[in-house]
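Overview (structure and organization)
Listed here are the chains, written in short residue letters.
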Amino acid sequence: QVQLVESGGGWVQPGGSLRLSCAAPGRIFRINAMGWYRQAPGKQRELVGTISSSGSTVYADPVKGRFTISRDNAKSTVYLQIDSLKPEDTAVYFCYSDIQETSTRTWYKYWGQGLQVTVSS
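Here is a short report on the structure shown in this document. (Residues numbered from 1 in each chain as written. Predicted model: local features only at pLDDT ≥ 70, side-chain atom pairs only at ≥ 80, totals over all residues. Heavy atoms only, no water.)

Looking at the sheet that holds strand S7 (residues 67-72)
Across the sheet, four strands lie side by side as S1-S3-S8-S7; this open sheet has antiparallel pairing. Strands at the two margins of the open sheet, each flanked by one partner only, are strand S1 (5-7) and S7. With strand direction ignored, the average angle separating the axes of adjacent strands in the sheet is 15°. Inspection of the sheet shows strand S3 (residues 18-23) paired to strand S8 (residues 77-82) by six bridges, in the antiparallel sense. From the neighbouring strand, alanine 23 faces S8, where its bridge partner is threonine 77. (Pairing = 2+ DSSP bridges. Helix = DSSP H or I, 4+ residues; strand = E, 2+ residues; numbered from the N terminus. Axes fitted to C-alpha atoms, helices over the stretch in contact; angles between N-to-C directions.)

So, the nonpolar core
One finds Leu20, Trp36, Val78, Leu80 and Tyr93 to be the most contacted residues of the largest nonpolar core, which totals 29 residues. Within the residue set of this core, elements represented by two or more residues are S3, strand S4 (28-39), strand S5 (46-51), S7, S8, strand S9 (91-101) and strand S11 (115-119). Setting aside its immediate chain neighbours within four residues, tyrosine 93 contacts Glu6, Leu20, Trp36, Tyr37, Arg38, Val48, Phe67, Leu80, Ile82, Gly114, Leu115 and Val117. (Core = buried A, V, L, I, M, F, W, Y, C linked by side-chain atoms within 4.5 Å. Buried < 20%, exposed > 50% of the residue type's maximum accessible area, 1.4 Å probe, protein only. Contact = heavy atoms within 4.5 Å.)

Focus: the pairing of S5
As paired elements, S4 and S5 share five bridges and run antiparallel to each other. Within S5, the position partnered with methionine 34 by the bridge is isoleucine 51. In this antiparallel pair of consecutive strands, S4 and S5, the connection spans six residues, and glycine 42 shows a positive phi of 75°. Pairing of S5 with strand S6 (residues 57-59), which is carried by three bridges, proceeds in the antiparallel orientation. By the bridge assignment for S6, glycine 49 is matched with tyrosine 59. Between the end of S5 and the start of S6, which pair antiparallel, lie five residues, with glycine 55 showing a positive phi angle near 100°.

Concerning the state of the cysteines
One pass over the full model with this rule turns up one disulfide. Between the sulfur of cysteine 22 and that of cysteine 95 lies a disulfide, 1.9 Å long from S to S. Disulfide cysteine 22-cysteine 95: the torsion about the S-S bond is 65°, which places it as right-handed. Taken together, the residues span a long stretch of sequence, with cysteine 22 in strand S3 and cysteine 95 in strand S9 at a distance of 73 residues. Classification of cysteine 95 by relative accessible area gives buried; the value is 0%. (Disulfide = S-S within 2.5 Å.)

Observations concerning the environment of leucine 18
Within the secondary structure, leucine 18 is located in strand S3. Sequence spacing of leucine 18 and phenylalanine 67 is 49 residues, and the spatial spacing of their C-alpha atoms is 9.7 Å. Here leucine 18 is in contact with Gly8, Gly10, Val12, Leu80, Gln81, Ile82, Leu85 and Val117, once residues within four sequence places are set aside.

Given below as structure tokens:
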């Protein structure tokens, strides 16, 4: 079962931009940190960046200055703005949210289904 719903992936030429969205379910109590991972072909999943509940962000070195993570708490949504795309950014991008469920008050890391981002000319 998909826990978070991602949208906005696709193909783009080098130097282009994409904006990915990731929406959390409505039946939640709280959301803490959110963020993004990616997995390139033949490589392990790596952290792209995170955003805390207060909006502070941390980025992996390969994406610093090009990727921007933001969040809309009212919509329980995290975004990834990707600028100046490079071929090496080609990967499946996964969002996550640390969510406290309403029914149990238990914290879980929810994951999106993954979005393919392909950068080529």
